[in-house]
Amino acid sequence: MNDSVNTAAVASDTSRTGTWVSLSMFALYIIWGSTYLGIRIALESYPPFLLAGIRFAIAGSLLFSYLRLRGATMPTARQWRNAAITGILLLGFGNGLVCYAEESVSSGISAVAVASMPLFAALFTGLYREWPTQRETTGLLIGFVGVIVLNFGSALSGSHIGAIALIVASTAWAFGSVWSRRQDMPAGMMNTAAQMLCGSVALLCVGFLSGEKLPAHPTAQASLAAAYLVVFGSLIAFSAYLYVLKHARPAFATSYAYVNPPVAVLFGVLLLGEKVGPYDLIGMAIILLGVVTITMARQRRAH
């Protein structure tokens with residue numbers, strides 16, 4: 001009797017986790033696809049690193065305060081250290097450099113370049129003796145060809161610094177994602193709050209030390225976009241990413257990266273009138289083909 005009850009409880013937990021994973025992936029696909037446009041609009045008034053720093057400082061403070069009021073346990077010193085390292089990699093380098101790049105690169109093309117992130121993630125898993133299979137290696141090569149083609153396009157070739165920033169952002173995000181899975185991180189949502197708080201400190205330091213200043217009279221449109229990034233991009237979507245990263249395969253968790261580009265391009269074209277050239281389309285198609293090849297290979301290996 002007890003075995004039957006335990007089996008039912010496990011099945012219920014598994015089903016609940018599967019539902020939350022599906023909802024979280026939907027949030028990543030759509031919301032994070034739209035945040036590239038949100039960043040572009042917010043940059044009309046706010047400087048890049050202070051925009052990212054304030055965004056995560058507000059979101060992290062709100063979430064941390066809520067969790068503490070609910071009685072959540074404070075992270076240990078080791079967990080704070082790991083959250084700081086991961087937060088700096090994912091949010092400091094990852095998001096901060098995307099904001100910086102979008103000053104010179106369109107929102108849609110930024111999303112396309114960041115789509116190379118799962119390619120780097122596949123490489124970094126090799127550090128833990130999970131080397132890519134032959135099919136995954138093929139996907140890596142295809143993806144890097146796509147990145148090269150993308151750089152031939154007017155969108156990135158006109159801004160070499162922006163292109164470099166996007167590649168560094170993808171690399172840092174990929175390494176942080178792979179590294180954090182094997183570390184002692186804060187429990188549950190406290191992991192999200194701790195990473196945002198630590199990442200925001202690094203971003204604010206970079207912003208102020210580089211001479212950025214907050215706008216005296218930001219536009220209403222830019223402020224609304226910044227608020228959207230705080231609520232949807234940080235509190236909802238980043239929390240969803242960390243949840244999926246914990247409960248699903250890395251290849252599946254990072255698959256949002258090849259759904260975001262068409263979503264971001266669509267929003268950019270419809271709402272901002274951004275242009276997409278032939279090299280951009282070809283590069284995007286090649287990158288997505290490479291990432292899909294890797295994801296399918298990992299799914300086959302998992303089964």
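Residues numbered from 1 in each chain as written. Predicted model: local features only at pLDDT ≥ 70, side-chain atom pairs only at ≥ 80, totals over all residues. Heavy atoms only, no water.

### Section: the overall build of the protein chain
Next up, step 1: Check the secondary structure of the protein chain and you find 13 helices and zero strands.
Next up, step 2: The order of α-helices and β-strands along the protein chain, N terminus first, is α-α-α-α-α-α-α-α-α-α-α-α-α.
Next up, step 3: With 303 residues in all, the protein chain has 52% of them scored as buried.
Next up, step 4: Look at the contacts in the protein chain between residues 6 or more apart in sequence, and 91% of them connect residues 24 or more apart.
Next up, step 5: When the accessible surface of the protein chain is split by element, carbon and sulfur atoms take 68% of a total near 14,100 Å². (Helix = DSSP H or I, 4+ residues; strand = E, 2+ residues; numbered from the N terminus. Buried < 20%, exposed > 50% of the residue type's maximum accessible area, 1.4 Å probe, protein only. Contact = heavy atoms within 4.5 Å. Areas by Shrake-Rupley, 256 points an atom, 1.4 Å probe, with all protein chains shown as cover.)

### What about the environment of R55?
Next up, step 1: Tracing the sequence through the fold places R55 in helix α2 (residues 48-69).
Next up, step 2: Using a relative accessible area of 4% as the deciding quantity, one classes R55 as buried.
Next up, step 3: Setting aside anything within four residues of it in sequence, one finds R55 in contact with W32, I39, N95, L229, V230, G233 and S234.
Next up, step 4: A distance of 3.4 Å separates a polar atom in the side chain of R55 from the backbone oxygen of L229. (Polar contact = N/O pair within 3.5 Å; in protein donor to acceptor, adjacent residues only side chain to side chain.)

### Regarding the environment of A77
Next up, step 1: Looking at where A77 falls in the secondary structure, it is placed in helix α3 (residues 77-101).
Next up, step 2: On a C-alpha basis, the gap between A77 and P186 in space is 10.0 Å, while along the polypeptide they are 109 residues apart.

### Description of a nonpolar patch on the surface
Next up, step 1: Taken together, the side chains of I88, F93, I164 and V168 make up a nonpolar region of the molecular surface, amounting to roughly 330 Å² of accessible area.
Next up, step 2: Counting residues per element, the ones that place at least two in the nonpolar patch are α3 and α8 (160-180).
Next up, step 3: Taking relative accessible area as the criterion, I88 reaches 32% and is therefore assigned partly exposed. (Patch = residues over 30% accessible without salt bridge, like charges linked within 9 Å, V, L, I, M, F, W, Y side chains within 5 Å. Salt bridge = Lys/Arg side-chain N within 4 Å of Asp/Glu carboxyl O.)

### Considerations on the layout of surface pockets
Next up, step 1: By volume, the largest pocket amounts to about 510 Å³.
Next up, step 2: Taken together, 22 residues line the largest pocket, and the ones lying closest to its centre are G188, S239, L242, Y243 and K246.
Next up, step 3: Listing elements by their share of the lining of the largest pocket, those giving two or more residues are α1 (2-42), α9 (189-209) and α10 (220-247).
Next up, step 4: Among the elements that line the lining of the largest pocket, the one with the most residues is α10, at nine residues.
Next up, step 5: When grouped by side-chain class, the residues that make up the lining of the largest pocket number eleven nonpolar, nine polar and two charged. (1 Å grid on protein atoms, 1.4 Å probe; cavity = no way out; pocket = protein on both sides within 12 Å on 5 of 7 lines; lining within 4 Å. Points joined across faces, edges and corners; volume = space filled by probe spheres on them. Nonpolar A, V, L, I, M, F, W, Y, C, P; charged D, E, K, R; others polar.)

### A word on the packing of aromatic side chains
Next up, step 1: Taken as a whole and assessed by the stated rule, the structure comprises eight aromatic pairs.
Next up, step 2: Judged by centre distance (6.0 Å) and plane angle (20°), the ring pair of F49 and Y100 falls under stacked. Note that F49 is positioned in helix α2 and Y100 in helix α3, a separation of 51 residues in sequence.
Next up, step 3: A relative accessible area of 30% means that Y100 is categorised as partly exposed.
Next up, step 4: Cluster of aromatic residues (ring-pair linked, three or more members): W32, W173, F238 and Y241. (Phe/Tyr/Trp six-rings, centres within 6.5 Å; stacked < 30°, edge-to-face > 60°.)

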